[in-house]
Amino acid sequence: MKIFREPKKLQKWARGRRTAGAKIALVPTMGYLHEGHLSLIAEAKRRGADEIIVSVFVNPVQFGPNEDYDKYPRDEKADLAKCRRAGATAVFFPTPKNMYLDRHSVYVSEEDLSKGLCGARRPGHFRGVCTVVAKLFNLAHPDFAVFGRKDYQQAQVIRRMVRDLNFDLSVVVAPIVREPSGLARSSRNTYLSPAEREMALALSKSLRTVKTGCLVSSERRRVRRMLEKAGLRVDYVEFVDGETLEPVKTTKKGACVLLAAFAGRTRLIDNRVL
Ligand code: AMP
């Protein structure tokens, strides 16, 4: 397994592999890898990638000033071992300094799907995500890139960016991987105390209770109450069209329920496509 730290070196190698006819998959992550990330590597393998490049980069540009950039969990050694075991052929570990050169001044912003949900609560977040993912696309020359449905809005925003900026690659979105308890796997779960972990179960539990064919107004109230009763502080409970992310009035099939809530100081998200 190759390890790259220099963007230029990755780019040169990936270009060579692409020219030689290799099918390249990119799996962008912020590291502290768990089963969710590993499922994306497995998906890349399943789709016949010859090279699977996993990027591990806690991207400062997508964090707000009061968010957890500094304390975001990092474990390079463990991540390398997991990538190797999962079948990655290359890992990219850049530093903020070599990703964002002095006077970096070009950003990518998606201006439709990023407006609501997490975009509204985390100003600048998707601009940071789009910028770094666009850079990774230019460095890794992937035929396809794999993202998780866990970050539903992010996946839609990236799809739109790829469409609108004519990136020559396809976007694959893989299902949410959960713990046996139902809790969606997340690097941020390590922040949770045992009591908060218990509270956090209400996210997946409440999602499972949503029925199709109901009025959103009453379902939203009911889900919100479930989350609050468990001790969570609700950031949002939204029912949207799975494609446009526009609010829907009834819980129709294909609609998506998205939740964001705080367990103590930890912000968790989860979703379900009806
Ligand atoms: P992150 O490291 O949290 O930025 O996530 C990197 C990629 O892994 C994103 O495409 C996420 O959607 C995906 N991912 C994170 N957690 C999960 C999960 N539990 N199931 C599936 N994909 C996930």
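Residues numbered from 1 in each chain as written. Predicted model: local features only at pLDDT ≥ 70, side-chain atom pairs only at ≥ 80, totals over all residues. Heavy atoms only, no water.

Asks: Talk me through helix H9 (residues 216–229); I want residue IDs and the actual numbers.
Replies: Every α-helix winds through 3.6 residues per turn, so residues three or four apart in the chain are directed the same way. An ideal rise of 1.5 Å per residue puts 20 Å on 14 residues; H9 measures up with 20 Å between its terminal C-alpha atoms. Buried residues belonging to H9 abut helix H8 (194–209), strand S7 (233–241) and strand S8 (255–263). (Helix = DSSP H or I, 4+ residues; strand = E, 2+ residues; numbered from the N terminus. Expected span 1.5 Å × (residues − 1). Contact = heavy atoms within 4.5 Å.)

Asks: Can you explain the sheet that holds strand S3 (residues 51–56)? Please cite residues and give values.
Replies: The strand order S1-S4-S3-S2-S5-S6 describes an open sheet built from six strands, whose pairing is parallel. Of all strands in the sheet, those bounded by a partner on one side alone are strand S1 (2–4) and strand S6 (170–174). On average, each strand axis in the sheet is inclined to that of its neighbour by 25°, with strand direction left out of account. Here strand S5 (residues 144–148) pairs with S6 via five bridges, running parallel. Among the inter-strand pairings, phenylalanine 147 is bridged to a residue of S6, identified as valine 173. Its contacts with the sheet place helix H2 (residues 35–46) against strand S2 (24–29), S3, S5 and S6, and it is angled at close to 150° to S5. (Pairing = 2+ DSSP bridges. Axes fitted to C-alpha atoms, helices over the stretch in contact; angles between N-to-C directions.)

Asks: Break down the site of the ligand for me, citing the residues and quoting the values.
Replies: The immediate surroundings of the ligand are formed by 17 residues, with His37, Gly148, Asp151, Val177 and Arg185 found nearest. Histidine 37 places a side-chain nitrogen or oxygen 2.8 Å from an oxygen atom of the ligand. About the coverage of the ligand: the protein hides 93% of its 480 Å² of free accessible area. Elements supplying a minimum of two residues to the shell around the ligand: S2, H2 and S5. Sorting elements by how many residues they give to the shell around the ligand places H2 first, with three residues. Grouping the amino acids of the shell around the ligand by side-chain chemistry returns eight nonpolar, six polar and three charged. (Near = heavy atom within 4 Å. Polar contact = N/O pair within 3.5 Å; in protein donor to acceptor, adjacent residues only side chain to side chain. Areas by Shrake-Rupley, 256 points an atom, 1.4 Å probe, with all protein chains shown as cover. Nonpolar A, V, L, I, M, F, W, Y, C, P; charged D, E, K, R; others polar.)

Asks: Could you give an account of the domain arrangement of the protein chain, naming the residues involved and the relevant values?
Replies: Under the domain assignment, the protein chain is made up of domain 1 (2–174) and domain 2 (187–273). Taking the mean C-alpha position of each, domain 1 and domain 2 sit 26 Å from one another. Contacts between domain 1 and domain 2 engage 20 residues on the former and 18 residues on the latter. Together, the buried faces of domain 1 and domain 2 total about 1,800 Å²; carbon and sulfur atoms form 55% of this surface. (Domains from an automatic or database assignment. Buried area = accessible area lost by both parts, 1.4 Å probe.)

Asks: Pulling in residues and values, what's your account of the layout of surface pockets?
Replies: If you add up the space inside the second largest pocket, you get close to 340 Å³. Along its surface, the second largest pocket is lined by 16 residues, and Met99, Leu101, His104, Lys135 and Leu139 are the ones closest to its centre. When residues of the lining of the second largest pocket are traced back to their parent elements, those giving at least two are helix H1 (7–19), helix H4 (96–99) and helix H6 (125–140). Among the elements that take part in the lining of the second largest pocket, H6 stands out by supplying five residues, more than any other. For the lining of the second largest pocket, a count of residues per class yields seven nonpolar, five polar and four charged. (1 Å grid on protein atoms, 1.4 Å probe; cavity = no way out; pocket = protein on both sides within 12 Å on 5 of 7 lines; lining within 4 Å. Points joined across faces, edges and corners; volume = space filled by probe spheres on them.)

Asks: Describe unusual backbone geometry, listing the residues and the values that go with them.
Replies: Positive phi is not limited to glycine here, since tyrosine 32 has a value of about 55°. The topology assignment puts tyrosine 32 in the loop between S2 and H2.

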